[in-house]
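This is what each chain is made of:
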Amino acid sequence: MSCNPSIALILNAHLPFVRHPEYPKFLEEDWLFESISESYLPLLRMFNRLKSDKIPFKMTISLSPTLCCMLTDSVLQERFIQFMERHIELGEKEVERCTKEQPEFLEMAQFYLDQSRQNLSDYQDKYHNNILEGFKVLETSGHLELATTAATHAYLPLYKDYPTAINAQVELGVQSFLTTFGHLPKGFWLPECGYYPELEDTLKYHGISWFQTASQSMLLSPDKVEYGTYRPVHCPNGVAAFPRDFQATSLVWSNATGYPADKNYREFYRDIGYDLPMEYIKEYIHEPSVRVFTGYKYWAITGQTDQKVPYQRDKAQKRIAEHAENFLYNLQKKAESLEKTMHKAPLFTMGYDAELFGHWWFEGIDWLEQVIRQSAEKGMNSFVSPSTFLNKEGSTLQTARPAFSSWGQGGYSAVWLDGSNAWSYQHIHKAIERMEELSVRFSDQISLKQRFLNQAAREVLLAMASDWPFILFNKSSTEYAQKRIGDHLKNFNVVYQNMCKNAVNTEWLVKAEKRDIIFSDIDYNIFNPER
Amino acid sequence: MILINIDSLSTTELQYIAQQEQLDDWKSLDREELIDALEEAFGEQDDEVTSAQKGKVHRNRYCNSLTDYRGDQQKVNDLPGVEQLPENYLDTSIHLLQRDPQWAYAYWSLSTASQLMVFGEDGQQPSTLFLRVQQSNLSDGTVKTFDIEVSVSDHQWNINLPDTGCSYLVDLCWRDKKGNEMSLAQSKSIETYPAYWQEHLDDLIEDRDLYLTHFSALVTKEGDIVDNAVIRDLAQHLSKGVL
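Residues numbered from 1 in each chain as written. Chains lettered and ligands numbered in written order. Predicted model: local features only at pLDDT ≥ 70, side-chain atom pairs only at ≥ 80, totals over all residues. Heavy atoms only, no water.

Chemist: Would you mind going over the overall build of chain B with me for this structure?
Modeler: A tally of regular secondary structure across chain B gives seven helices and eight strands. Relative to its 243 residues, chain B shows a buried fraction of 47%. Looking at chain B alone, contacts between residues at least 24 apart form 51% of all its contacts between residues at least 6 apart. (Helix = DSSP H or I, 4+ residues; strand = E, 2+ residues; numbered from the N terminus. Buried < 20%, exposed > 50% of the residue type's maximum accessible area, 1.4 Å probe, protein only. Contact = heavy atoms within 4.5 Å.)

This is how it looks when you write it as structure tokens:
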């Protein structure tokens, strides 16, 4: 190859904090279980295959504090095991049913069953219920760079008038990473790529060296950015901003023309949870008779029709190899033309939700593996992490200011601030103001009052999560999202009103501490603007 | 997300969604009618989005309806001692949030004392509430203002930001029957910065290398431009209206 493009692949592994031990089964907890079984465990297996085959690679994964908390929570760990056991039981039934009734689906039924057994075995025997250990080992071996993000994945531009809240989101994101992985992070995934000018000052204060931004943040910069999205820039304070490459990202991300839309790939929306008779499936969906995805999906995308053809793994595998080759070809060609104009090798920064691979795009993890293997075969050795890139080329970067931007619809804040969710900000902002007030009026409390105030700080942070306004915007699980924002704010008000009377509601406190256990070592004084 | 397409759903799935969305006649509808009815049910969208964007929004929603529908049986209970959130807070303040370079969102509240002062004890005092938007040019410091009249029942407003390169802040103001005006609260400011390349478009048009470096990354191989109004405007200028 005449030109060796550098590729920084960054995956954002994040889920909102959803944990309801007060119910025997809770629908939204499946978000976590599906992500572990369909994305995180298969990703770890793929990385370990590459590692044992001595294939060089470097990838970056941001693991959000809410996700890390759930992955290390014993209640959810136990529930994941139960989830997998049900999944395996369904798989065994499916293999039997398909053998007799639908042999065209047998191969996939057996595949899912084998994968589920492997998942459970990896989870229990290899990782002892804590899959973060798997990521840590790969980081130690130099294959992964792990990064953090905002404490509850808040969309930060809408809190820029509240520096204590911004600081709390960043500081707790960094602290949580330190507690989980034993060292400070260098990278910070900006939730939803949400950036506003001078946000980097808070990041720098907490020792962050780099963050990623939306593609348009460079073309819309007030400064004359030299290399567009093809090189990171240093912000005026020295923290590096890595802009996403929209064109390269779209090869995968586009829902119309991206690789995942190939007709040979598995159709996500055809699932036996919806297709099979209620009598057969009811034990494996939600009570009472709420049909949900089970993960057993046998059809190929085929086209815009309901007349789907059965999924064939061998055909899909062939397309995966072709798509990996096409991806590398496109990047190489682009790099060649860019190098002529830039007189430097470009860097392609691509950021994706980790759950895209495996969960949404079934073949995504195999595709990633193929991209890395083919790249190694061609001697490209292209994969870098932002930190390795900065170590090598940090001194050559231009200084420029990225523009206000996000990766959401319209490129700014419209997703998180529209008619469906704007109502929440007057309440969340007020809670932040009141939390600041409490931190000043009742600084350095001990015992019950300290616990009470710490819980108030947790509730404010949980209300700030970007997931709730996003869900309201998308009009998906709106009832749950609305309830969650309201609950955290109402919970906060319990503390505020009681503290104004110099009282502690212990019944509330004990229950709230059990429900919202995140950030066990939080110090509410973090909201004190005088500190 | 990806691969989201209503046409891919089976008729059983469509019927299931229609049932959850409480469409009255879902049992009697054939496949095409179900799709039309669901598109209509999900289609009450913000008029600002383009039709192409609407298509994407719809598909996202079907995805999430299918994935996340939780039924009415499982509610999250309140913890003991919680009370409903107030509709408004009893202090006088106004906040301004930037939605994009063209629009901001303001919300405000009035304390009881402010309400008494503005509308009198019986609430009948003839007064006017309005928002005074102050626009300061960041390069030459010139200041312009414009007013938006609001009613006592309003607590939020979307405010157009006419120019980039400006700082904006909003005063919540009161005018009495004699025409005397007073600011009750002032927001913090927001800034809109002009993009360098917006002001140097000719350089991009004349230099193919510059164009390749700066603009091509924002267009897919199929020619779709990144979803951003400013970039679309730039593209219009660069293509002389062809795009």
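Chemist: Explain the environment of Leu131 of chain B here, please?
Modeler: Within the element layout of this structure, Leu131 of chain B appears in strand E3 (residues 128-137). When sequence neighbours within four positions are dropped, the list of residues in contact with Leu131 of chain B reads Ile94, Trp108, Phe146, Asp147, Ile148, Val150, Trp157, Ile159, Val170, Asp171 and Leu172 of chain B.

Chemist: Explanation requested: the packing of aromatic side chains in the structure shown.
Modeler: What describes a pair of aromatic rings is the distance from one ring centre to the other and the angle between the planes of the rings. Residue and element names in this part refer to chain A. Per the stated rule, a full pass over the model turns up 45 aromatic pairs over all chains. Judged by centre distance (5.4 Å) and plane angle (40 degrees), the ring pair of Trp361 and Trp367 falls under tilted. The two residues Trp361 and Trp367 agree in class, both being buried. Clustering of aromatic rings is evident, with ring pairs tying together Trp189, Trp253, Tyr259, Tyr265, Phe327, Tyr352, Phe357, Trp361, Trp367 and Trp407. The aromatic ring of Tyr280 is capped on one face by Arg97, whose charged end is 5.7 Å from the ring centroid. It is Lys297 that lies over the ring of Phe293; its NZ or CZ is 3.8 Å from the centre. (Phe/Tyr/Trp six-rings, centres within 6.5 Å; stacked < 30°, edge-to-face > 60°. Lys NZ or Arg CZ within 6 Å of the ring centre and 35° of its normal.)

Chemist: I keep staring at the packing of helix H1 (residues 30-52) of chain A against helix H5 (residues 132-140) of chain A and nothing clicks. Help me out?
Modeler: To describe two helices that pack against each other, one gives the angle between their axes and the distance between the axes. Residues and elements named next belong to chain A. Here H1 crosses H5 at 30 degrees, and the two axes come no closer than 10 Å. Here H1 lies roughly parallel to H5, going by the angle between them. H5 is crossed by H1, and the crossing has left-handed handedness. Across from Tyr40, Leu44, Phe47, Asn48 and Lys51 in H1, the residues of H5 making contact are Gly134, Phe135, Val137 and Leu138. For the contact of H1 with H5, the residue count by class is six nonpolar, two polar and one charged. (Axes fitted to C-alpha atoms, helices over the stretch in contact; angles between N-to-C directions. Parallel < 35°, antiparallel > 145°, perpendicular 65-115°, else oblique. Left-handed = near helix turned anticlockwise from the far one by under 90°. Nonpolar A, V, L, I, M, F, W, Y, C, P; charged D, E, K, R; others polar.)

Chemist: So what exactly am I meant to see when it comes to the sheet that holds strand E1 (residues 93-98) of chain B here?
Modeler: Two strands in a sheet stick together by hydrogen bonds in their backbones, pointing the same way (parallel) or opposite ways (antiparallel). Residue and element names in this part refer to chain B. A sheet is described by the order of its strands in space; here three strands give the open sequence E1-E2-E5, paired in antiparallel fashion. Either end of the sheet is taken by a strand with one partner, and the two such strands are E1 and strand E5 (156-160). Across this sheet, the average inter-strand angle for adjacent strands is 25 degrees, counted without regard to direction. Across six bridges, E1 lies against strand E2 (residues 103-109) in antiparallel orientation. The residue of E2 that forms the bridge with Gln98 is Ala104. (Pairing = 2+ DSSP bridges.)

Chemist: Help me understand the pairing of strand E6 (residues 166-175) of chain B, please; the structure alone is not making it clear to me.
Modeler: Residue and element names in this part refer to chain B. Within E6, nine of the ten residues are buried, which leaves the element mostly enclosed by the surrounding structure. Bridging between E3 and E6 involves ten bridges; their strand directions are antiparallel. Paired with Phe130 across the strands is Cys173, a residue of E6. As defined by bridge partners, E6 adjoins strand E8 (residues 190-192) across three bridges and the pair is classed as antiparallel. Its bridge partner lying in E8, Tyr168 is registered against Ile190.

Chemist: I would appreciate a short explanation of the interface of chain B and chain A in the present structure.
Modeler: For interface size, the figure often reported is the accessible area lost on association. Across the boundary between the two partners, chain B contributes 85 residues, which contact 104 residues of chain A. At the boundary of chain B with chain A, total buried surface from both sides reaches about 8500 Å², with 59% on carbon and sulfur atoms. Here chain B and chain A share three salt bridges between them. Put simply, Lys490 of chain A and Asp78 of chain B hold a salt bridge, and the shortest N to O gap is 3.6 Å. For the pair chain B and chain A, the number of links is 19 residue pairs in polar contact (both at pLDDT 80 or more). Sorting the residues of the side of chain B that touches chain A by element identifies helix H1 (11-20), helix H3 (51-68), E1, E2, helix H6 (208-214) and helix H7 (229-238) of chain B as the ones contributing at least two each. Ranked by residues supplied to the side of chain B that touches chain A, first place goes to H3 of chain B with ten residues. (Buried area = accessible area lost by both parts, 1.4 Å probe. Salt bridge = Lys/Arg side-chain N within 4 Å of Asp/Glu carboxyl O. Polar contact = N/O pair within 3.5 Å; in protein donor to acceptor, adjacent residues only side chain to side chain.)

Chemist: I'm lost on unusual backbone geometry in this one. Help?
Modeler: Leave glycine aside and you will find that most residues have negative phi; peptide bonds, for their part, are mostly trans. All names here are of chain A. In this structure, His343 is a non-glycine residue whose phi angle is positive, near 60 degrees. Along the chain, His343 turns up in the loop between helix H12 (313-342) and strand E8 (347-353). Even without being glycine, Ser447 reaches a positive phi, approximately 60 degrees. Looking at the secondary structure, you find Ser447 in helix H16 (residues 447-463).

Chemist: Just to check I follow, could you spell out the domain arrangement of chain A for this structure?
Modeler: All names here are of chain A. As far as domains go, chain A holds domain 1 (6-72 + 130-266 + 311-410) and domain 2 (417-527). Each of domain 1 and domain 2 has a C-alpha centre, and the two are 29 Å apart. Each partner contributes residues to the interface: domain 1 has 31 residues there, and domain 2 has 29 residues. Taken over both partners, the interface formed by domain 1 and domain 2 buries close to 2700 Å², and the fraction arising from carbon and sulfur atoms is 65%. Area buried by domain 1 at its contact with domain 2 is led by Phe17, Tyr159 and Tyr162, which between them contribute 23% of it. One can count one salt bridge joining domain 1 with domain 2. A salt bridge links Arg515 to Glu22; its shortest N-O distance comes to 3.5 Å. Counting across the domain 1 and domain 2 interface gives twelve residue pairs in polar contact (both at pLDDT 80 or more). Only helix H2 (65-71) and helix H6 (163-181) provide two or more residues apiece to the side of domain 1 that touches domain 2. (Domains from an automatic or database assignment.)

Chemist: Would you explain a negative patch on the surface in this entry?
Modeler: On the surface, a cluster of negative charge is made up of Asp24, Asp25, Asp30, Glu32, Glu33, Asp36, Glu39 and Glu40 of chain B. Classification of Asp36 of chain B by relative accessible area gives partly exposed; the value is 48%. (Patch = residues over 30% accessible without salt bridge, like charges linked within 9 Å, V, L, I, M, F, W, Y side chains within 5 Å. Areas by Shrake-Rupley, 256 points an atom, 1.4 Å probe, with all protein chains shown as cover. Lys, Arg positive; Asp, Glu negative; His and termini not counted. Charge placed at Lys NZ, Arg CZ, Asp CG, Glu CD.)

Chemist: Whenever I open this one, the domain arrangement of chain B confuses me. Can you help?
Modeler: Domain assignment breaks chain B into domain 1 (6-68), domain 2 (93-192) and domain 3 (196-238). Taking only C-alpha atoms into account, the centre of domain 2 of chain B sits 36 Å from that of domain 3 of chain B.

Chemist: Just to check I follow, could you spell out the pattern of salt bridges for this structure?
Modeler: Pairing between side chains of opposite charge can happen when the charged atoms of each approach one another. This model, assessed by the stated rule, comprises 40 salt bridges over all chains. In this structure, Asp271 of chain A and Lys297 of chain A form a salt bridge, with 3.0 Å as the shortest nitrogen-oxygen distance. Here Asp271 of chain A, found in the loop between helix H9 (246-253) and helix H10 (272-275), pairs with Lys297 of chain A, found in the loop between helix H11 (278-281) and H12; they are 26 residues apart in sequence, far enough to count as distant. Here Asp271 of chain A matches Lys297 of chain A in class, with each residue buried. A salt bridge links Glu437 of chain A to Arg441 of chain A; the shortest N-O distance between them is 2.8 Å. Of this pair, Glu437 of chain A and Arg441 of chain A both sit in helix H15 (residues 423-441), four residues apart, which is roughly one turn of the helix. In the salt-bridge network here, residues are joined through shared partners; they are Glu22, Lys483, Asp487, Lys490 and Arg515 of chain A together with Asp78 of chain B.

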